[in-house]
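Examining the three-dimensional arrangement
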Amino acid sequence: MSDDSMPEAHGDEFERAPVPQSALLGFKSFIGMYAGEHCAGTELMIGPLFVAAGVSAFDVVVGLIVGNALAVLSWMFLCAPIATRARLTLYYQLEKICGRQLVTLYNLANGVMFCFLAGAMVTVSATAVGVWFEFPMPKLTDLYPNSVGWVLAVFVVGSLIAIVAAYGYESVAKFANIAAPWMVLVFLAFGIVGLQQFIHATDSAIQSPADLWQLAKIHIWRGGAPLGNQVKFSFLHVMFFAWFCNMAMHIGMSDLSVFRYAKKSWYAVASAAGMYVGHFMAWLSASILYALQLHQDPSNTDVLPGPLANRACGVAGLICVIIAGWTTANPTIYRAGLAFQAVMPRVPRFTVTLLTGLLATVAGMFPAIAMRLLDFVALYGLILMPMGAVVFIDFWLIRKIGLRNNYAEKAGIPFNWAAGVAWFATLAICLWLVHSNLTIHGIKPFQIYFVSLPGWFMAALLYIVGSVIVQRQLNQQGMFRLFVQLVSWASIAGIVVPPILYLCGRIPLETMKQALLVATICWFVATALWMGHPKAT
């Protein structure tokens with residue numbers, strides 16, 4: 001996966017204006033961009049983590065085929081049609097809808113998530129350094145740094161990336177374009193070499209596709225219990241992960257900034273080049289290497305791209321690990337710096353980007369992010385997803401129900417509460433569902449990998465209801481105001497009563513926690529609708 005989301009040829013042009021016809025790009029530009037950007041350093045972590053999650057051959061292969069197809073369709077039918085009509089960046093479109101203050105919060109959240117993602121990429125590159133210097137590196141279950149050598153390696157690698165990013169990433173972007181075809185082929189080599197080593201280690205005779213599938217089912221993706229503290233993955237886990245790992249880009253609408261340059265909306269089919277090169281071939285190749293490691297030594301559960309690549313392709317493999325992490329961490333840090341600079345516009349971009357890179361470096365020292373990358377990527381998409389629903393509804397539906405689109409711009413307000421409540425309430429409810437451990441017929445339907453799907457419809461509905469309330473000023477009407485005030489006061493009781501019931505032994509701790517969260521959501525949603533808003537006379 002990758003986040004670099006602007007055609008290099010145009011940099012940061014047309015930030016607050018539609019892209020003109022003269023600047024539009026052809027189909028080939030998007031094929032090359034997506035194929036290169038989605039064969040990134042994180043693929044070397046995600047593939048092995050599928051094996052660590054106990055996935056079976058059918059579940060991983062078919063799940064990736066279906067999930068990546070759904071991702072491509074999301075780009076084609078959710079993101080690109082808006083991009084080619086409005087031709088605006090996501091940030092400017094959100095500013096028109098949500099107001100400057102709410103977009104500032106969005107930039108802050110986006111910047112923080114970019115930092116952690118860049119930290120995982122720094123972690124990937126540092127594992128290659130560990131092969132040469134032979135210091136102890138993190139294990140699958142480690143949450144904290146486990147050696148001074150590891151900390152120093154991450155610090156050096158991350159600092160170099162931060163300095164380069166602070167000076168601007170145009171030179172690295174050019175190098176990345178040169179390296180992209182080579183990296184794709186090295187990833188393919190990982191899979192071919194790992195497959196041959198599996199055939200040799202298992203004394204398998206591969207004379208037909210059926211023989212190869214038997215090898216895959218019995219020895220490579222065997223299923224079974226997950227390793228360490230990983231979540232057991234099924235077909236649905238793989239499918240939803242492949243679909244939603246770039247949710248921030250397609251359903252979350254970040255790639256409006258990309259496809260505003262496209263002549264036609266169907267150019268979004270070019271994203272298939274990235275999905276099936278990076279999120280199919282590269283993930284499977286990396287997972288084969290890790291499965292081979294487990295086959296040769298079941299006690300060696302370490303997910304370390306450096307040693308895996310070295311055993312398969314030697315120094316060329318290590319160079320690929322370093323470059324894959326570097327060329328993707330660099331633009332990630334740069335864009336995180338731009339997001340933070342939007343929050344602190346008076347601080348020079350160089351300073352903000354350098355500090356952002358150092359923050360990402362510190363994050364990379366902690367292996368918990370990389371070792372739980374599947375969870376982190378799902379959380380990243382969940383956090384930014386509600387704003388994608390807001391953009392979709394505002395563009396296609398809001399005028400059809402008699403309301404104004406781009407309300408913050410037209411009303412001259414800095415904070416559109418309809419969008420704010422849709423974002424905050426959706427996140428709160430989805431996270432509550434994830435942590436509630438609710439089960440239906442023995443199945444947990446609200447895991448972090450699944451909850452974004454109902455979350456999108458929840459955000460859309462909340463934005464529609466909130467827009468009706470805000471634009472028609474229902475929150476200033478007597479009966480409505482009284483109702484939401486009653487909900488606010490009831491939520492205060494919901495904060496006070498559950499701890500007392502827990503003290504008296506009437507309810508368990510988990511029930512009390514869930515009641516407090518529900519009351520908290522009700523308080524902030526209801527109170528925002530009346531507090532600070534004058535009553536209509």
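For the structure itself, look to the data block above.
Everything numeric in this text was worked out from a predicted model, so none of it was measured.

This paragraph deals with the overall build of the protein. A count of helices and strands for the protein gives 20 helices and 0 strands. In terms of overall size, the protein behaves like a compact globule, its C-alpha atoms giving a radius of gyration of 24 Å where 537 residues would be expected to give roughly 24 Å. Seen through its principal axes, the protein has C-alpha atoms that stretch 85 × 70 × 45 Å. Across the 537 residues of the protein, 56% fall into the buried class. Here the contacts in the protein between residues at least 6 apart in sequence split such that 84% fall between residues at least 24 apart. Taken as a whole, the protein presents about 22,000 Å² of accessible surface, with 69% of it coming from carbon and sulfur. A gap of 14 Å separates the mean positions of the 29 positive and 22 negative side-chain charges of the protein.

On to helix α9 (residues 235–244), then. In terms of burial, α9 is largely enclosed, as 8 of its 10 residues are buried. Buried within α9 are the following residues: His-237, Val-238, Met-239, Phe-240, Phe-241, Ala-242, Trp-243 and Phe-244. On its buried face, α9 is in contact with α2 (43–52), α3 (57–86), α11 (271–296), α15 (373–396) and α18 (452–471).

End to end, α3 covers 42 Å across 30 residues, agreeing with the expected 44 Å (1.5 Å per residue, within 8%). The largest bend in α3 amounts to roughly 45° and is located at Cys-79, with the proline Pro-81 lying one to four residues further along. A positive phi of about 55° marks Arg-87, the residue just after α3.

What follows covers unusual backbone geometry. Leaving glycine out, the prevailing phi sign among residues is negative, and the prevailing peptide bond configuration is trans. Backbone geometry at Arg-87 places phi at a positive 55°, although glycine is not the residue there. The topology assignment puts Arg-87 in the loop between α3 and α4 (90–98). With phi around 55°, Asp-203 is a residue other than glycine that occupies positive phi space. Relative to the helices and strands, Asp-203 resides in the loop between α7 (170–202) and α8 (209–220).

The next point concerns the pattern of salt bridges. For the structure shown, the criterion picks out 6 salt bridges. Close ionic contact of Glu-95 with Arg-16 constitutes a salt bridge, the shortest N to O distance being 2.9 Å. Of the two residues, Glu-95 is situated in helix α4 and Arg-16 in the segment before α1 (27–37); the sequence distance between them amounts to 79 residues. Across the pair Asp-302 and Lys-139 runs a salt bridge whose closest N-O atoms are separated by 3.8 Å. Remark: Lys-139 occurs in the loop between α5 (100–133) and α6 (148–166) and Asp-302 occurs in the loop between α11 and α12 (305–343); sequence separation between them is 163 residues.

Counting through the fold element by element, Val-352 comes out in helix α13 (residues 349–365). Spatially, the C-alpha atoms of Val-352 and Ala-336 are 9.1 Å apart, while their sequence positions differ by 16 residues. Discounting chain neighbours no more than four positions away, the residues touching Val-352 are Gly-337, Phe-340, Gln-341, Met-344 and Val-347.

This brings us to the packing of aromatic side chains. The final tally for this structure, using the stated rule, is 33 aromatic pairs. An angle of 35° between the planes, with centres 4.5 Å apart, marks the rings of Trp-243 and Phe-244 as tilted. Across this residue pair, the class does not change: Trp-243 and Phe-244 are buried.

Moving on: a nonpolar patch on the surface. A cluster of nonpolar residues, Met-479, Leu-482, Leu-486, Trp-489, Ile-492, Ile-495, Val-496, Val-497, Ile-500 and Leu-501, forms a patch on the protein surface that exposes about 920 Å² of accessible area. Residue Met-479 is classed as exposed on the basis of its relative accessible area of 67%.

Moving on, we come to a positive patch on the surface. A contiguous patch of positive charge on the surface is contributed by Arg-399, Lys-400, Arg-404 and Lys-410. Tracing the backbone shows Arg-404 in the loop between α15 and α16 (407–411).

Our next topic: the side chain of Ser-271. Note that Ser-271 resides in helix α11. Discounting residues that sit within four places of it in the chain, Ser-271 has contacts with Tyr-34, Val-72 and Trp-75.

About the thresholds
- Along each chain, residue indices are assigned from 1 in the same order as the chain's sequence is written.
- Thresholds applied to this predicted model are a pLDDT of at least 70 for local features of residues and 80 or more for the giving and counting of side-chain atom pairs; totals over whole chains, interfaces and linings are not thresholded and use all residues.
- To get the side-chain values, all heavy atoms of the structure are used, and hydrogens and water are removed first.
- In this description a helix means any DSSP run of H or I spanning at least four residues, a strand means any run of E spanning at least two, and both kinds are numbered starting from the N terminus.
- Radius of gyration here uses only the C-alpha atoms, and the compact-globule reference equals 2.2 Å multiplied by the residue count raised to the power 0.38.
- Accessibility here uses a 1.4 Å probe with only protein chains present; expressed as a share of the type maximum, an area under 20% marks a residue as buried, one over 50% as exposed, and anything in between as partly exposed.
- What makes two residues a contact is simply this: any of their non-hydrogen atoms within 4.5 Å.
- All accessible areas in this document rest on Shrake-Rupley with a 1.4 Å probe, and a residue is counted as covered only by the protein chains that are shown.
- By the counting scheme adopted, Arg and Lys are positive, Glu and Asp are negative, and His together with the chain ends is not counted.
- Where a charge lies is defined by one atom per residue type: Lys uses NZ, Arg uses CZ, Asp uses CG and Glu uses CD.
- Each residue after the first adds 1.5 Å to the expected span of a helix.
- Working definition for bend: take the seven residues up to and ending at a residue and the seven starting at it, fit an axis to each, and measure the angle between the axes.
- We define a salt bridge as a side-chain nitrogen of Lys or Arg found within 4 Å of a carboxyl oxygen belonging to Asp or Glu.
- Side-chain rings of Phe, Tyr and Trp, where Trp is taken by its six-membered ring, are said to pair if the distance between their centres is within 6.5 Å; with planes under 30 degrees apart they count as stacked, over 60 as edge-to-face, and otherwise as tilted.
- Residues forming no salt bridge and having over 30% relative accessible area are the ones grouped into patches, like charges within 9 Å of each other and nonpolar side chains (Val, Leu, Ile, Met, Phe, Trp, Tyr) within 5 Å.

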